[in-house]
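Take a look at the letters that make up each chain.
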Amino acid sequence: MISLTDFLLVGALLFCTGIYMIVSKRNSIQVLIGIELMLNAAILNLVAFGKYDKLNNGGQVFALFAIVLAAATTAVALAIVLNVYRRYKTIDPDEIKNLRD
Amino acid sequence: MSFIAIGSALYAALSKNLVRSIFIFFVTLFALAGLYVMALADFVAVTQVVIYVGGILVLILFAFMLSGRETLNVIQQQKGKFVNMAKVPAVILAVLFLAVIVNIILKTDADNLPWVKQAIAQKNEIMPANSTIENIGVNLMTTYLLPFEAISVLLLMALVGAAHLSRKEGRA
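Residues numbered from 1 in each chain as written. Chains lettered and ligands numbered in written order. Predicted model: local features only at pLDDT ≥ 70, side-chain atom pairs only at ≥ 80, totals over all residues. Heavy atoms only, no water.

Our focus in this paragraph is the overall build of chain A. When helices and strands are tallied, chain A shows 3 helices and 0 strands. Listing each helix as α and each strand as β along chain A from the N terminus yields α-α-α. Projected onto its principal axes, the C-alpha positions of chain A cover 55 × 25 × 15 Å. Across the 101 residues that make up chain A, the buried fraction comes to 60%. Sequence-distant contacts, at least 24 apart, represent 51% of the contacts inside chain A between residues at least 6 apart. Per element, the accessible surface of chain A, about 3900 Å² overall, is 64% carbon and sulfur. (Helix = DSSP H or I, 4+ residues; strand = E, 2+ residues; numbered from the N terminus. Buried < 20%, exposed > 50% of the residue type's maximum accessible area, 1.4 Å probe, protein only. Contact = heavy atoms within 4.5 Å. Areas by Shrake-Rupley, 256 points an atom, 1.4 Å probe, with all protein chains shown as cover.)

Here you go:
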């Protein structure tokens, strides 16, 4: 049986990979993938703890909510990325300096 | 399974090619769905496959293709040495964060938490034999009805907002 600590460690590793991607990448889509990685690490923790909640299913239900939230976030963020690309002709987050011209 | 997840996530983080990064992210998501199955959360795993792999990645690929080939060229130009000087702060940040989290996890000793022990003692632990989907459905409609409605409204708002943002300029 896989212990709870193992799940938490895997989640921590994925979370830090996500942080690295968000900070270092020069492409908005890769930054978005980093955010998804961090969300997935959080969902993994929810699911791992949700194993010990059979009656209320708190962990699993909120993992479902988190997945739906991630979907909504991604849709909006990709729409924003497309708009930014149309305006600036680049999706490098370092080069976008003003919010509205 | 977790090695697949971590390895593919690291590859997605380190690869210079955007397309390769996206497709290896598929592998990470599938491996994570497998991990959810191992945590005895079948329904969450299915949802993960349907929404992430079916929805989000298709969206990302769409955005990538719509943003044109200039994006790719920019990415190709900036490749340099393997250890890029600009990435050192990011690596330091990530490693420090990892050290802190791992330290806390090892100190917490999650398998011996009081409420976890209590749950095991009260047979409140999900066993591999029993199915949880029915229980999730009942709970979703009773205990968690308010968050459920809130998230449905939020999803609708996000859809409308995304449609508004991504339409053509001029009328907006």
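The subject of this paragraph is the overall build of chain B. Across its full length, chain B carries 8 helices and 0 strands. The secondary structure elements of chain B, listed N-terminal to C-terminal, are α-α-α-α-α-α-α-α. Expressed as a percentage of its 172 residues, the buried residues of chain B come to 33%. Intrachain contacts of chain B at a sequence separation of at least 6 include 50% that bridge at least 24 residues. With the model as given, the accessible surface of chain B reaches about 10500 Å², and the carbon-plus-sulfur share is 72%.

Our focus in this paragraph is the UniProt feature "transmembrane region" (unreviewed entry) in chain A. According to UniProt, the positions carrying the feature "transmembrane region" (unreviewed entry) are residues 7–23, 29–49 and 61–85 of chain A. In residues 61–85 of chain A, the share of helix is 100% and the share of strand is 0%. The end C-alpha atoms are 36 Å apart. (UniProt positions renumbered as here; feature names shortened; annotations may be inferred.)

The next subject is the nonpolar core. In terms of nonpolar packing, the biggest core is built from 66 residues, with Ile43 and Val47 of chain A together with Ile22, Tyr36, Val44 and Ile60 of chain B touching the most fellow members. Excluding anything up to four places from it in sequence, Val44 of chain B contacts Val47, Gln60, Ala63, Leu64 and Ile67 of chain A together with Tyr36 of chain B. (Core = buried A, V, L, I, M, F, W, Y, C linked by side-chain atoms within 4.5 Å.)

Below, the discussion takes up the side chain of Asn139 of chain B. Following the sequence through the fold, Asn139 of chain B ends up in helix α7 (residues 133–141). On the basis of relative accessible area, Asn139 of chain B is assigned to the buried category, the value being 5%.

This brings us to the environment of Tyr85 of chain A. All names here are of chain A. Examined against the element boundaries, Tyr85 turns out to sit in helix α3 (residues 58–88). Note on Tyr85: relative accessible area 10%, which makes it buried. Spatially, the C-alpha atoms of Tyr85 and Ser28 are 9.9 Å apart, while their sequence positions differ by 57 residues.

All right, on to the interface of chain B and chain A then. On the side of chain A, 68 residues touch chain B, which itself brings 81 residues to the contact. Together chain B and chain A conceal approximately 6900 Å² of surface at their shared face, both sides included; 75% is due to carbon and sulfur atoms. Of all residues in chain B, Tyr52, Tyr144 and Leu165 of chain B give up the largest surface area on contact with chain A, accounting jointly for 8% of the area buried on that side. Here chain B is connected to chain A by 0 salt bridges. Those elements that provide at least two residues to the side of chain B that touches chain A are α1 (2–14), α2 (18–38), α3 (42–66), α4 (69–77), α5 (88–108), α6 (114–121), α7 and α8 (145–165) of chain B. (Buried area = accessible area lost by both parts, 1.4 Å probe. Salt bridge = Lys/Arg side-chain N within 4 Å of Asp/Glu carboxyl O.)

Another point: unusual backbone geometry. One can expect most non-glycine residues to show negative phi and most peptide bonds to be in trans. Residue and element names in this part refer to chain B. Positive phi outside glycine occurs at Leu40, with the angle close to 65°. Turning to its location among the elements, Leu40 is positioned in the loop between α2 and α3. The class for Leu40 is buried, based on a relative accessible area of 11%.

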